[in-house]
Amino acid sequence: MSTAGELKRQIKKKTKCYFLREGSNHEIWVNPDTGEEFQIPRHPAKEVKTGTANNILKSAGLK
């Protein structure tokens, strides 16, 4: 499992995805290539489950 902060760093470094707004417990990001919005948990030190992390990376275009 990886943390939310690691996922954000990886997405910022390897994609054109950008932060759109804050939700109640998540940050909302956009993949400009597909127009898809996806959520990343707000707390950077919190562990993200493997399936959730894979879905986030898929939405960002990394998988």
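Remember, it's a predicted structure, so these values are computed and weren't measured experimentally.

A. Representation of the nonpolar core within the structure. Residues Ala 4, Leu 7, Ile 11, Cys 17, Trp 29, Phe 38, Ile 40, Val 48, Ala 53, Ile 56, Leu 57 and Ala 60 constitute the largest nonpolar core, which totals 12 residues. Of all the secondary-structure elements, those providing two or more residues to this core are α1 (4-14), β4 (36-41) and α2 (50-60). Element by element, the count of residues in this core is highest for α2, at 4 residues. Those residues in contact with Leu 7, other than ones at most four positions away along the chain, are Ser 2, Val 48, Ala 53, Ile 56 and Leu 57.

B. The arrangement of the environment of Lys 46 in detail. You can see Lys 46 is positioned in the loop between β4 and β5 (47-48). For the pair Lys 46 and Ser 2, spaced 44 residues apart in sequence, the C-alpha to C-alpha distance is 8.4 Å. In contact with Lys 46, other than residues within four places in its own chain, are Ser 2, Thr 3 and Ala 4.

C. How the structure looks around the side chain of Thr 15. Here Thr 15 shows up in the loop between α1 and β2 (18-22). Residue classification places Thr 15 among the buried positions, given a relative accessible area of 18%. Side-chain polar atoms of Thr 15 contact the backbone nitrogen of Cys 17, separated by 3.2 Å. Leave out the neighbours within four places in its chain, and Thr 15 touches Ala 60 and Leu 62.

D. Layout of the side chain of Glu 27. Looking at the element boundaries, Glu 27 is found in strand β3 (residues 26-31). Side chain to side chain, Glu 27 and Lys 8 meet in a polar contact 3.3 Å long. Leave out the neighbours within four places in its chain, and Glu 27 touches Lys 8, Phe 19, Arg 21, Phe 38, Gln 39 and Ile 40.

E. Here's a closer look at the pattern of salt bridges. By the definition in use, this model includes 2 salt bridges. Close ionic contact of Lys 8 with Glu 27 constitutes a salt bridge, the shortest N to O distance being 3.3 Å. Remark: Glu 27 occurs in strand β3 and Lys 8 occurs in helix α1; sequence separation between them is 19 residues. The same class applies to Lys 8 and to Glu 27, which are both buried. Its salt-bridge partner being Glu 22, residue Arg 42 comes within 3.6 Å of it at the nearest N-O pair. On the criterion of sequence distance, the pair formed by Arg 42 in the loop between β4 and β5 and Glu 22 in strand β2 is long-range, its members being 20 residues apart. Note on Arg 42: relative accessible area 25%, which makes it partly exposed.

The rules behind the values
- Residues numbered from 1 in each chain as written.
- Predicted model: local features only at pLDDT ≥ 70, side-chain atom pairs only at ≥ 80, totals over all residues.
- Heavy atoms only, no water.
- Core = buried A, V, L, I, M, F, W, Y, C linked by side-chain atoms within 4.5 Å.
- Buried < 20%, exposed > 50% of the residue type's maximum accessible area, 1.4 Å probe, protein only.
- Helix = DSSP H or I, 4+ residues; strand = E, 2+ residues; numbered from the N terminus.
- Contact = heavy atoms within 4.5 Å.
- Polar contact = N/O pair within 3.5 Å; in protein donor to acceptor, adjacent residues only side chain to side chain.
- Salt bridge = Lys/Arg side-chain N within 4 Å of Asp/Glu carboxyl O.

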